[in-house]
Amino acid sequence: MKVVLLAGGLGSRLAEETTRIPKPMVEVAGRPIMLHVMDIYDRFGFGDFIVACGYKAMLIKKFFQDLHLMNNDFTIGIGDGEMSLKPTSKLDWRVSVVDTGLTTMTGGRVRRLRDWIGDEPFMVTYSDGVGNIDIGKLVEFHNSHDKLATVTAVQPPARFGNLELTGDQVTEFTEKVRKHETWINGGFFVFDPGVLDYLTGDDEPLEKEPLTKIARDGQLMAFKHHGFWHPMDTIRDRETLEKLGAQDLPPWMDFEHGKAVTSTDMPSELMSA
């Protein structure tokens, strides 16, 4: 099953980094965030990727062109340029890098990949959000229902202190405690090819009209993930992920301690990650 990585946005909230490089190339623990996302899929045996790039696409193309050299050792003849590779990496990915347009929205990027995807179910996710999603169970869940689409529903990281009020009186003050169940779009989609028929143009965000229509047609199911999930939308997010990525086992790769996953129908209104 192919995995589409949405990697074409400007990343304006990370402008400190993204004036130089595209957002998927911003490093966490010494590696581009996109590679951490790919590691999650690789853990479950999925290694056929299509990178839908746009902003600074040539940098992403150059990175993947050179990745096999960076991941392995080699000998090169300086005089004639002859090179022999000494494989040291266990990675066996196949990566297609496709320029889907500078200003194309997420729905349009997926639409432009129709010929690359083919007529089989496929997965889609954002290249800047990580989580210890059990991809095997996600695909199993998608295959268990007869709907066109599955979205991974996650609970957003608490960013602010919590106040409980009675009138104007504060009755409880807690630091970053989430008491109410809130679910948002966490990416890690599984789509049947029929989803492509809902995508009509380059200026269409996947998260707006297409997924709203799919939900209204009763064709969208949610895979609830109770474990770790975190986006990289801001410098603060990057700093948080940098600290977590320095651990021996980053939480997005800790699949042994993830909480139980359940499923439910997805409401028609989706909150974007």
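Residues numbered from 1 in each chain as written. Predicted model: local features only at pLDDT ≥ 70, side-chain atom pairs only at ≥ 80, totals over all residues. Heavy atoms only, no water.

A. Here's a closer look at a nonpolar patch on the surface. Residues Phe-74, Ile-76, Ile-78, Met-83 and Leu-85 make up a contiguous nonpolar surface patch of about 480 Å² in total accessible area. Of all the secondary-structure elements, those providing two or more residues to the nonpolar patch are strand S5 (73-76) and strand S6 (83-86). Along the chain, Leu-85 falls in strand S6. Given the relative accessible area of 38%, Leu-85 is considered partly exposed. (Patch = residues over 30% accessible without salt bridge, like charges linked within 9 Å, V, L, I, M, F, W, Y side chains within 5 Å. Areas by Shrake-Rupley, 256 points an atom, 1.4 Å probe, with all protein chains shown as cover. Salt bridge = Lys/Arg side-chain N within 4 Å of Asp/Glu carboxyl O. Helix = DSSP H or I, 4+ residues; strand = E, 2+ residues; numbered from the N terminus. Buried < 20%, exposed > 50% of the residue type's maximum accessible area, 1.4 Å probe, protein only.)

B. Main features of the packing of aromatic side chains. With the rule as written, the count across this model stands at ten aromatic pairs. With 5.8 Å between their ring centres and 40 degrees between their planes, Phe-141 and Phe-223 make a pair best called tilted. Residue Phe-141 is found in helix H6 (residues 135-144), and its partner Phe-223 is found in strand S15 (residues 220-225); the two are separated by 82 residues along the sequence. Each residue in the set Tyr-41, Phe-49, Trp-93 and Phe-188 is aromatic and connected to the rest through ring pairs, giving one cluster. Geometry around Phe-44 places Arg-43 over its ring, the cationic atom sitting 5.5 Å from the centre. (Phe/Tyr/Trp six-rings, centres within 6.5 Å; stacked < 30°, edge-to-face > 60°. Lys NZ or Arg CZ within 6 Å of the ring centre and 35° of its normal.)

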